[in-house]
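# Commentary on secondary and tertiary structure
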Amino acid sequence: MGLLDFFKKIEPDKKKSPVLHTLFDAVFTFAYSPDSVTKGGVHVRDGMDLKRTMIHVVIAMQFCYLFGTYNIGHQHFIALGEHVGFLEGFHLKLAYGLIKLLPIFIVSNVIGLGIEIYFAAKKGHSVEEGFLVSGALIPLIMPPDIPMWILIVSVAFAVIIGKEAFGGTGMNIWNIALLARVFVFFAYPTTISGDEVWVSGFEKVAEGFSPEYGWAHGLFDTLFGWMGLTTFNPGASIVDGFTGATPLSLATKGGWEAVTQVYTEGQMWWGAIPGSIGETSKPLIIIGALILVATGVGSWRIMLSMLIGAVVMAMLLNAWGATPFMTVPWYAQFYMGSFFFAMAFMATDPVTASSTNIGKWIYGFLIGFIGMIVRVMNPAYPEGWMLAILFLNTFAPLIDHYVLEANMKKRLQSA
Amino acid sequence: MLIVAYQSMLQIALLIIGGLVFIAVLTSLADNLIQIEAKKSGIDTVNTNMSIWPSFGSLFKPATPNFTTASNFHKLRKGHDIKLEGQPEGSVDSNMVSRYSVRPQNFRGNAPIPKMLVEVGSEVKAGEPLFFDKQSPDIKYVAPVSGEVIEIRRGAKRSIVDVVILADKDQKHHLSDTPNLSDISREDLIKYLQSSGAWSMLVQRPFGLVADPSITPRDIFVSAFDTGPLAPDPSLALTGRSGDLQEGINVLSKLTDGQVYLSGNKAISTHLSGVDNADIHYFDGPHPAGNVGIQIHHIKPIKGADVVWTMSIDDVLTLGNLVTTGKYEPRRIVSIGGKVKQPKYVETLQGANVGELLSNQLEEDNIRIIAGDILSGKAVTNDDFLNANDDQITVIKEGNYNEPFGWLLPIKPRPSVSNTFPNFLFPDLTFDVDSNTHGEERAFVVTGQYEKMLPMDIYPQHLMKAIMTGNIERMEGLGINELLEEDIALAEFSCTSKQPLQSILRDGLDMLREQL
């Protein structure tokens, strides 16, 4: 028990330095489950706690992280016309992706957890685990080129205004990760919408622009040079005709045909397309969703009803068929965009979703239904899940209210 | 290309749907003709299925076992059985414990300091009154054994916790007259039960109080089995006591204008099937199917101002014995299980001393002794006594240790309702549990979890929030009147946020009772 003794020795004083003590407590309870015993009520507690619940969501996201990291590099080199095959230049793409993703991950977690720890110390309770998931989600839903200061401001906004102002984990109304993203979306729209932002490493995504490499790339170049591998090529430039347009923005303009001219269905399904970092690969997200359903951590009711809602709306739009986007076959809608990511990781957030089982069916269905409307009919921004989920987050308490009213009415009426 | 394929797919789908509709029309026509024919030939078409389709209900309803009828059989799917090591098996030891206690605080609704009728040194016979509550002086609380009152233990604010009796070697009974049940009036029966000590065994819901004699309850419910962890085998208490059971039920049926409901499971169906004067229901499912509160909800729920009474099966047998022999003899078959040397059953009387029951049974020091089960029992010491309704003692280890990465990679198997543990692959695995909380208390985050542990049409999490915010109307609407602590205990066990649901519920019940 050497480590345990070490922890006991360095424990800071709770009164003198509350912030340090909260930090210590967070690290200590991460390494060792506490030695507290039950008092009153049940004598034996289930092995499940909030840390374990949250870590299973993070585990389910790991495939998205792996693929997302690689895909940042892949899209970068596609723009340059180098290493066009998916597995070509593997080391370069991975290194490039890591250089982009790691700072985003570290910054969003340091800022978010820092704020959490400060507020926890102020309120005198231990750090709650909510940000474990938010901090893992935020990097996956940002564009790879997001400026760090925007990321910092958005995470701080989401955690302070979205969560601590409401009383911390379990009390928030809106999904924290989506709140961070929607903040960027409304405050700095040019960094998160349009065609250019999804391919990273260029001042402007247009013909002839060369990539901007920094010292980290130089470090990797030295390493790759020693190993006799290919290195980054600062002299390359973006190939003719490359726009970086996502399938959704192509579909807005020219329907499904315009999409399939640029991307194959396989590319879109497996995820080798530009987009937010973690949302592109559908099979890997579905694996994550299955992990959540199998462990019972994510609500299958919300996932299934959201799928049904989206399919129904997509079919209705097919029947209407007024714009090129509406004529995109309903099943093809699921090749594009971030439907699955939103379904698996965003809509199922238990705090902001409906809390009754009947409510979950309604909540999920309406997200699918409304999200598809926003995606197809929104003139400015061809994706709808973020807005639809935040919208339904707002209405989830109302849905629950009516479900509970019905339950209460049944009980009081037949008295 | 894709769109063309899609359109032809649509056409094929339409053709298939059209074909299915055609077949459906034909078969339903034939079906109707059969039913018309059956009616003409005078066959009862309501109860026998004359259709070519199976009835919708029969497809999804569980098969009714042959010892009961469909309307009296309830299959419950929600809940969870916590399987622990140390389940007693086999025969029942008889253990004459020397000290017994009657605990005034077991009787909810009474003042903490009752009016004593005995003092230290008094000699009492079994069935003689010891004390009564000042609010209802007619209801007497009597001694389970004959002997000498050796101690009156006091707790916080001078409240009386234990009235300890040192039992005689040869038991002397205070014999009360045996009433003639066929012609006694309800008032006389109530007077008889009050003076003989049997009244205190009736529990009134909502709130779980000692029954109020001025009320006629809607119905009386008795659960003859217990599904809790390490609960004693229900057939032990019932074996050879069918006469007492029937007499007890007969008394109860005199006290209500409604029905006496007796619930059992498959294992005790032979003991219950012959009982008259009661509507016998059978429950099948995991814990808490054996809780009388759950059973009331499925048989005839408490609504509005309904008041029902309940009595434990042990007390029904005691009552039956009392009215036939005149002896008050509250027998208990206590299961001694968990972390003990030799898990076993012991036959004793109500309120026996814990330490004497556990003599030579304890292996280690760092343990917790629980009077009752691990879900809603009370932690006690060797010097304490069983509560009036306890029929088990569970011993578990204390969990005051730090476990490295215990939340992520637990070293030892532990009970859980979550599928993040591989427990669901080993349904027969029994667990060696301890009292560690396995995590810290958090705000409500996970939803839908309590509902899975409570087979009732109730939203426990919303009810808890209503209690915490003191919203009386909402508490009532969400069904607080149907619940007691034992019903919500399994949800508390499973709670990811480690919330104390039982004490929240009790706060709510107390709050509501003050409003009345």
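Remember, it's a predicted structure, so these values are computed and weren't measured experimentally. (Residues numbered from 1 in each chain as written. Chains lettered and ligands numbered in written order. Predicted model: local features only at pLDDT ≥ 70, side-chain atom pairs only at ≥ 80, totals over all residues.)

### Quick word on the overall build of chain A
Threshold: Runs of E in the DSSP output that reach at least two residues are strands. Runs of H or I that reach at least four are helices, and both are numbered from the N terminus. Atoms counted for the radius of gyration: C-alpha only. Globule rule: 2.2 Å times the number of residues to the power 0.38. Burial is judged by counting other C-beta atoms within 10 Å of a residue's own C-beta: 20 or more means buried, 12 or fewer means exposed, and anything between counts as partly exposed, with every C-beta placed from the backbone. Two residues qualify as a contact pair if the distance between their C-beta atoms, derived from the backbone, is within 7 Å.
Check the secondary structure of chain A and you find 15 helices and one strand. Here chain A has a C-alpha radius of gyration of 23 Å; the compact-globule value for 415 residues is 22 Å, and the two agree. Each principal axis of the C-alpha atoms in chain A carries an extent, and together these give about 70 × 60 × 35 Å. Looking at chain A residue by residue over its 415 residues, the buried ones come to 51%. Counting contacts in chain A only where the partners sit at least 6 residues apart, residues at least 24 apart contribute 73% of the total.

### Considering the overall build of chain B
Within chain B, the secondary structure is distributed over 14 helices and 21 strands. Along the first, second and third principal axes, the C-alpha set of chain B runs to 100 × 70 × 50 Å. For chain B, restricting intrachain contacts to residue pairs at least 6 apart in sequence, the fraction spanning at least 24 positions comes to 68%.

### Details of the sheet that holds strand 5 (residues 123-124) of chain B
How we decide: Two strands pair if DSSP finds at least two bridges between them.
The four strands are arranged 3-9-8-5 (chain B) in an open sheet whose pairing can be described as antiparallel. Of all strands in the sheet, those bounded by a partner on one side alone are strand 3 (99-102) and strand 5 of chain B.

### A few points about the interface of chain A and chain B
Threshold: Under this grouping Gly is polar, as are all residues other than the nonpolar Ala, Val, Leu, Ile, Met, Phe, Trp, Tyr, Cys and Pro and the charged Asp, Glu, Lys and Arg.
In this complex, chain A contributes 50 residues to the contact, which on the side of chain B involves 65 residues. Of all the elements in the fold, those that place two or more residues in the side of chain A that touches chain B are helix 2 (18-31), strand 1 (32-33), helix 3 (50-80), helix 11 (282-295) and helix 15 (385-413) of chain A. Sorting elements by how many residues they give to the side of chain A that touches chain B places helix 3 of chain A first, with six residues. A class-by-class count of the residues in the side of chain A that touches chain B yields 20 nonpolar, 22 polar and eight charged.

### What about the domain arrangement of chain A?
In many analyses, interface size is given as the accessible surface area lost on bringing the parts together. Residues and elements named next belong to chain A. Put simply, the rule is: Domain extents, as shown, originate in an automatic or database domain assignment.
Taken as a whole, chain A is organised into domain 1 (11-32 + 50-244) and domain 2 (294-415). Using only C-alpha atoms to locate each centre, domain 1 and domain 2 end up separated by 27 Å. At the interface, 15 residues of domain 1 touch 13 residues of domain 2. Elements with a minimum of two residues in the side of domain 1 that touches domain 2: helix 3 and helix 7 (176-187).

### Focus: the environment of Pro229 of chain B
All names here are of chain B. Inspection of the secondary structure puts Pro229 in the loop between strand 12 (220-223) and helix 4 (234-238). Judged by C-beta crowding, with 27 C-beta atoms within 10 Å, Pro229 ranks as buried. Spatially, the C-alpha atoms of Pro229 and Arg205 are 24 Å apart, while their sequence positions differ by 24 residues. Leave out the neighbours within four places in its chain, and Pro229 touches Ile82, Leu84, Asp373, Ile374 and Leu375.

### Comments concerning the sheet that holds strand 4 (residues 115-116) of chain B
In spatial order, the strands read 4-6-7 (chain B); together these three strands make up an open sheet with antiparallel pairing. Each having just a single partner strand, strand 4 and strand 7 (140-142) of chain B make up the two edges of the open sheet.

### Things to note about unusual backbone geometry
Residue and element names in this part refer to chain B. The linkage connecting Arg205 with the following residue, Pro206, adopts the cis geometry, with an omega of -5°. Here Pro206 is to be found in the loop between strand 10 (203-205) and strand 11 (209-210). For the bond running from His287 to Pro288, omega is 5°, close enough to zero to count as cis. Of note, the phi angle at Lys157 is positive, near 55°, even though the residue is not glycine.

### Focus: helix 5 (residues 130-140) of chain A
Residue and element names in this part refer to chain A. In terms of burial, helix 5 is largely enclosed, as 11 of its 11 residues are buried. Within helix 5, burial applies to Gly130, Phe131, Leu132, Val133, Ser134, Gly135, Ala136, Leu137, Ile138, Pro139 and Leu140. In this structure, the buried side of helix 5 is in contact with helix 3, helix 4 (90-123), helix 6 (148-162), helix 7 and helix 13 (339-346).

### Focus: the pairing of strand 13 (residues 260-264) of chain B
Residue and element names in this part refer to chain B. Here strand 13 lies mainly inside the structure; five of its five residues are buried. Neither face of strand 13 is exposed, since Val260, Leu262 and Gly264 on one face and Tyr261 and Ser263 on the opposite face are all buried. Examined bridge by bridge, strand 13 and strand 14 (residues 279-284) share four bridges and lie parallel to one another. The partner of Leu262 across the bridge, within strand 14, is Ile280.

### Structural notes on helix 15 of chain A
What counts here: A helix is expected to reach a length of 1.5 Å times the quantity of its residues less one.
For helix 15 of chain A, spanning 29 residues, the distance from its first C-alpha to its last is 39 Å, which sits close to the expected 42 Å at 1.5 Å a residue. Restricting attention to buried positions, one finds in helix 15 of chain A the residues Trp385, Met386, Ala388, Ile389, Leu392, Asn393, Ala396, Ile399, Asp400, Val403, Leu404 and Arg411 of chain A. Of the surrounding secondary structure, the elements contacted by the buried residues of helix 15 of chain A are helix 7, helix 13 and helix 14 (357-377) of chain A together with helix 11 (460-468) and helix 12 (472-477) of chain B.

### Some words on the pairing of strand 15 (residues 308-312) of chain B
Regular strands place their side chains on alternate faces of the sheet. Residue and element names in this part refer to chain B. Counting buried positions along strand 15 yields five of five residues, so the element is predominantly enclosed. Neither face of strand 15 is left uncovered, since the one carrying Val308, Thr310 and Ser312 and the one carrying Trp309 and Met311 both have all their residues buried. Alignment of strand 10 against strand 15, held across three bridges, turns out to be antiparallel. Each residue of the ladder has a partner; that of Gln204, found in strand 15, is Trp309.

### Describing the packing of helix 3 of chain A against helix 11 of chain A
Residue and element names in this part refer to chain A. The line we're drawing: Inter-axis angles, ranging from 0 to 180 degrees, are taken between N-to-C directions of lines fitted to C-alpha atoms, where helices are fitted over the stretch in contact. An angle counts as roughly parallel when it lies under 35 degrees, as roughly antiparallel when it exceeds 145, as roughly perpendicular when it falls between 65 and 115, and as oblique in every other case.
At a closest axis distance of 9 Å, the pairing of helix 3 and helix 11 adopts a crossing angle of 170°. By the criterion of interaxial angle, the relationship of helix 3 to helix 11 is roughly antiparallel. For the pair helix 3 and helix 11, the contacting residues are His56, Val57, Ile59, Ala60, Met61, Phe63, Cys64 and Phe67 in the first and Leu284, Ile285, Ile287, Gly288, Ile291, Leu292 and Thr295 in the second. The residue makeup of the contact of helix 3 with helix 11, split by class, is 12 nonpolar, three polar and no charged.

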